[in-house]
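So the chains spell out like this:
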Amino acid sequence: MLGLRWEYNHMTRIRNQTAGKSTEDDEDDSQKVSQPPAVGNTPKTHTEWGYQLVGDPQFWSKAKINCKDPSGKFYMEDLKLHNSEKSIYLTMQGYVFDVTMFVPNHPGGEAIFGGAEQDASEIFELHHQEFVSNMLGNFCIGKMYPSVDKPSKKEEKVQSDSSSDMEVVENGKKTPWGAPLHGSDSFWSSVEIKCKDDSGHFTMGDIQEHSTSDSLYLTIRGFVLDVTKFLPNHPGGEAILEGAKADASALFESHHQTFVGGMLGNFCIGKLYPE
């Protein structure tokens, strides 16, 4: 037995020396016990709303993302619809950022598109210093949620129908110039439409005469918008035509965040008046 033990120790020493490791190191390793991380220092693996975090916790622990509009709710499927220079959304650390307007000024040029259609946290930290992340909040339009939580088409339809029922209750309200107000107050109370030219006087009959890609007028919250020139750049393509010939307020809010409503004034050409 002693001979076998001597041979085992001898062979172990030779193997360790070949690997550049001493027998003492081997013995020390056998006595090492992995220590659990200190309480309070364990990196978060998910956001409070359930989205799995990606990236280096040490890098992002120094970041301060003050999301200017956290009300938006997005899924990865939504980001895949916004992956071009016309409209690009990125997701990092559980937030969603609309960086479309920033693309022309991005120091890295079109490299920014490398972060589309996926979580861009690791790509961002690879090319930026921590302090740059503090600017992300200016582009934030909402939060990213796990795809498993996304409502089914049937559930979305039920929600849409319920929303329509609520709008009927609210349709008794009117603008100071007598146009009926459509849409939910909870959405439009956060939107300020600064009409660049409110001198135009329109009726619904006028709107219905401009309902094609050649000339497209929309009416939203009592204002009339000429979006003809914007049509080729609309992220949703010709879906914008669905808002023609009728008040588009409810349709607009179902597909946009509130901050987008602040851009409507650039297309405003007047007000809608009763027939």
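Structure report, in brief. (Residues numbered from 1 in each chain as written. Predicted model: local features only at pLDDT ≥ 70, side-chain atom pairs only at ≥ 80, totals over all residues. Heavy atoms only, no water.)

A few points about the side chain of Thr47
Turning to step 1, where the next piece is worked out: Its place among the elements puts Thr47 in the loop between α2 (23-31) and α3 (57-60).
Turning to step 2, where the next piece is worked out: In this structure Thr47 comes out as buried when scored by relative accessible area, which is 9%. (Helix = DSSP H or I, 4+ residues; strand = E, 2+ residues; numbered from the N terminus. Buried < 20%, exposed > 50% of the residue type's maximum accessible area, 1.4 Å probe, protein only.)

Focus: the pairing of strand β4 (residues 95-98)
Turning to step 1, where the next piece is worked out: Here β4 shows two buried faces, one formed by Tyr95 and Phe97 and the other by Val96 and Asp98.
Turning to step 2, where the next piece is worked out: Of the pairings in the sheet, the one linking strand β3 (residues 87-92) to β4 comprises four bridges and is antiparallel in character. Paired with Leu90 across the strands is Phe97, a residue of β4.
Turning to step 3, where the next piece is worked out: The loop that links β3 with its antiparallel partner β4 comprises two residues; one of these, Gln93, has a positive phi angle of about 50°.
Turning to step 4, where the next piece is worked out: Where β4 meets strand β5 (residues 140-144), three bridges bridge the pair, whose relative direction is antiparallel. Note that in β5 the partner of Tyr95 across the bridge is Lys143. (Pairing = 2+ DSSP bridges.)

Focus: the pairing of β3
Within a regular beta strand, the side chains point alternately toward one face of the sheet and then the other, so they alternate between its two faces.
Turning to step 1, where the next piece is worked out: Counting buried residues in β3 gives six out of six residues, a clear majority hidden from the surface.
Turning to step 2, where the next piece is worked out: Every second residue of β3 is oriented toward a common face, with Ser87, Tyr89 and Thr91 on one face and Ile88, Leu90 and Met92 on the other, all of them buried.
Turning to step 3, where the next piece is worked out: With two bridges joining them, strand β2 (residues 83-84) and β3 adopt antiparallel strand pairing. Pairing of Asn83 across the sheet is with Ile88, part of β3.
Turning to step 4, where the next piece is worked out: In this structure, the hairpin formed by β2 and β3 is closed by a connection of two residues.

Remarks on the environment of Ser213
Turning to step 1, where the next piece is worked out: Its place among the elements puts Ser213 in the loop between β7 (211-212) and β8 (215-220).
Turning to step 2, where the next piece is worked out: For the pair Ser213 and Leu241, spaced 28 residues apart in the sequence, the C-alpha separation amounts to 7.6 Å.
Turning to step 3, where the next piece is worked out: If sequence neighbours within four positions are ignored, Ser213 has contacts with Thr228, Leu231 and Leu241. (Contact = heavy atoms within 4.5 Å.)

Some details on the packing of aromatic side chains
Turning to step 1, where the next piece is worked out: The full count for this structure, using the stated rule, is 13 aromatic pairs.
Turning to step 2, where the next piece is worked out: Their ring planes at 35° and their centres at 5.6 Å tell us that Trp60 and Phe124 sit as a pair that is tilted. Here Phe124 lies in helix α5 (residues 121-127) and Trp60 lies in helix α3, a separation of 64 residues in the sequence.
Turning to step 3, where the next piece is worked out: An aromatic cluster is built from Phe59, Trp60 and Phe124, whose rings are joined through pairwise contacts.
Turning to step 4, where the next piece is worked out: Above the face of the Tyr145 ring, Lys73 is positioned so that its terminal group lies 4.8 Å from the ring centre.
Turning to step 5, where the next piece is worked out: Lying over the aromatic face of Trp177, Lys271 brings its terminal NZ or CZ to 4.1 Å of the ring centre. (Phe/Tyr/Trp six-rings, centres within 6.5 Å; stacked < 30°, edge-to-face > 60°. Lys NZ or Arg CZ within 6 Å of the ring centre and 35° of its normal.)

Overview of the pattern of salt bridges
Turning to step 1, where the next piece is worked out: For the structure on display, the rule yields four salt bridges.
Turning to step 2, where the next piece is worked out: Glu130 is the salt-bridge partner of Lys62, the closest N and O atoms lying 3.8 Å from each other. You can see Lys62 sitting in the loop between α3 and β1 (72-74) and its partner Glu130 sitting in the loop between α5 and β5, a full 68 residues away along the chain.
Turning to step 3, where the next piece is worked out: Judged by relative accessible area, which is 48%, Lys62 ranks as partly exposed.
Turning to step 4, where the next piece is worked out: The shortest N-O distance in the salt bridge between Asp185 and Lys173 comes to 2.2 Å. Linking Asp185 in helix α7 (residues 185-188) with Lys173 in the loop between α6 (153-170) and α7, this pair joins segments that are twelve residues apart in sequence.
Turning to step 5, where the next piece is worked out: A single network of salt bridges, built from pairs that share partners, joins Lys173, Asp185 and Arg221. (Salt bridge = Lys/Arg side-chain N within 4 Å of Asp/Glu carboxyl O.)

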